[in-house]
Amino acid sequence: VLLLDEPGASLHPTLQAALVDRLSQVSAQVITVTHSPAMLPLAASQVGPSIVRVDREGLASRAWPVSAAEYKGVAAKLRAKGNQGLPFAEHAILCEGEDDVAVVRILADRLGAHLGESNVMVVDCAGRANLPDYIRLCSHLHLLHLVIMDEDSAKVAAQPGLAKGPAEVRKAMRGSPRPRRLFSFREDIETAFGLPCKDRAALEAAARHVALDSGEPGALAQVMRRFLAIRKGFRAARPAEPQL
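Nothing here was measured: the structure is a model prediction, and the numbers come from that model.

## A closer look at the packing of aromatic side chains
- With the rule as written, the count across this model stands at 1 aromatic pair.
- Summarising the aromatic geometry, the rings of Phe183 and Phe185 are spaced 5.1 Å apart at their centres and angled 85° between planes, so their arrangement reads as edge-to-face.

The structure is reproduced here in structure tokens:
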């Protein structure tokens, strides 16, 4: 058994990645305590990796494990979208894609919420089909999470088979023991902000100027405000930075 305590404290990220690769080749059980996303075992070649988030509840520490099988299913997705930092976040806002991430950040700024300073990670999950995996990971890691998705009601009415996507997200949410929130646009984010088609620049401009007291944009802003208020309450009770 090889135990490493904070190896990332004295290595830059490139060497941390090299160390993780080397450790995956040794004939031993490797236990690493770290605050560095670069030290997470994300390569497909690594056998049986599991992670345990050690978090603070009041004056006591509590461990939140993710099984090797569960972690293996989401590790490649974390690596592909650069979401390695998710297990180290205080809380998470899970979005279908990049456009949603951009809108959430703009609305957070308008609400006076400093997400980075509060260690709230806004995650591009690369499509609605990936949301259930991220929801389950957040649940296992005991992360408070807000999920934002499109219902695509008109598309579902025309093709009922498409209803499976939103249904899978709701199923994952029901199985989450951690306090969580779900916000869904009736159609999609472009329609909600009055745009006829996908246009990142136009969407960002609309998010900067849309009224936040009515319509779906206003409803999303209210959900975000309540979510962040809950986050502050949890943060006051658990001030320590989590580690893996």
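## A word on the side chain of Glu190
- Position of Glu190 relative to the elements: it lies in helix α7 (residues 189–192).
- If near-sequence neighbours (up to four positions away) are discounted, Glu190 is found in contact with Asp99, Leu195, Cys197, Lys198 and Leu203.

## Considering the sheet that holds strand β7 (residues 144–150)
- Judged by pairing direction, the sheet is parallel, and its 4 strands sit side by side in the order β6-β5-β7-β8 without closing on themselves. Sheet topology places β6 (120–124) and β8 (180–185) at the edges, where each strand pairs with a single neighbour. Averaged over all adjacent pairs, the angle separating strand axes in this sheet is 15°, with direction ignored.
- Pairing between strand β5 (residues 91–95) and β6: 5 bridges, direction parallel. Bridged to Cys95 within β6 is Asp124.
- Strands β5, β6, β7 and β8 of the sheet are contacted by helix α3 (residues 98–110), whose axis makes an angle of about 155° with β6.
- Each of β5, β6 and β7 touches helix α4 (residues 131–140); the most contacted strand, β7, lies at about 170° to it.

## Side note on helix α6 (residues 164–174)
- Within α6, burial applies to Pro166, Val169, Ala172 and Met173. When α6 is viewed along its axis, its buried side chains cluster within an angular range of 125° and face the same direction. Opposite the buried face of α6, at more than 90 degrees from it, the exposed residues are Lys164, Lys171 and Arg174.

## So, the pattern of salt bridges
- Applying the stated criterion to the full structure yields 13 salt bridges.
- Here Arg200 ties to Asp99 by a salt bridge, and the two come within 2.5 Å at their closest N and O atoms. With a gap of 101 residues between them, Arg200 in helix α8 (residues 200–209) and Asp99 in helix α3 connect regions that are remote in the sequence.
- Note on Arg200: relative accessible area 32%, which makes it partly exposed.
- Judged by relative accessible area, which is 15%, Asp99 ranks as buried.
- For the salt bridge of Lys198 with Glu190, the shortest nitrogen-to-oxygen distance reads 3.5 Å.
- Taking relative accessible area as the criterion, Glu190 reaches 5% and is therefore assigned buried.
- Here the residues in one salt-bridge network are Lys81, Glu98, Asp99, Asp124, Arg200, Glu204 and Arg208, joined through shared partners.

Parameters at a glance
- Every chain is numbered on its own, with residues counted from 1 as its sequence reads.
- Restriction of local features to residues with pLDDT of at least 70 applies here, the model being predicted, together with a cutoff of 80 or more for giving and counting side-chain atom pairs; totals for whole chains, interfaces and linings are based on all residues.
- The side-chain values count all of the structure's non-hydrogen atoms but skip hydrogen atoms and water molecules.
- Stacked, tilted and edge-to-face pairs are distinguished by plane angle, under 30 degrees for stacked and over 60 for edge-to-face with tilted covering the rest, among Phe, Tyr and Trp rings (Trp via its six-membered ring) whose centres lie within 6.5 Å.
- For the purposes of this entry, the term helix denotes a DSSP run of H or I that reaches at least four residues, the term strand denotes a run of E that reaches at least two, and both are numbered from the N terminus.
- In what follows, residue pairs with any heavy atoms lying within 4.5 Å of each other are defined as contacts.
- Strands were regarded as paired on the criterion that DSSP finds at least two bridges between them.
- For helices, the fitted line uses only the C-alpha atoms of the stretch in contact; every axis is such a line through C-alpha atoms, and the angle between N-to-C directions lies from 0 to 180 degrees.
- With a 1.4 Å probe rolled over the protein chains alone, any residue whose accessible area is under 20% of its type maximum counts as buried; one over 50% counts as exposed, and the rest are partly exposed.
- The reported arc concerns the directions from the helix axis to the C-beta atoms and nothing else.
- Salt bridge criterion: a side-chain nitrogen from Lys or Arg within 4 Å of a carboxyl oxygen from Asp or Glu.

These figures capture arrangement, not role.
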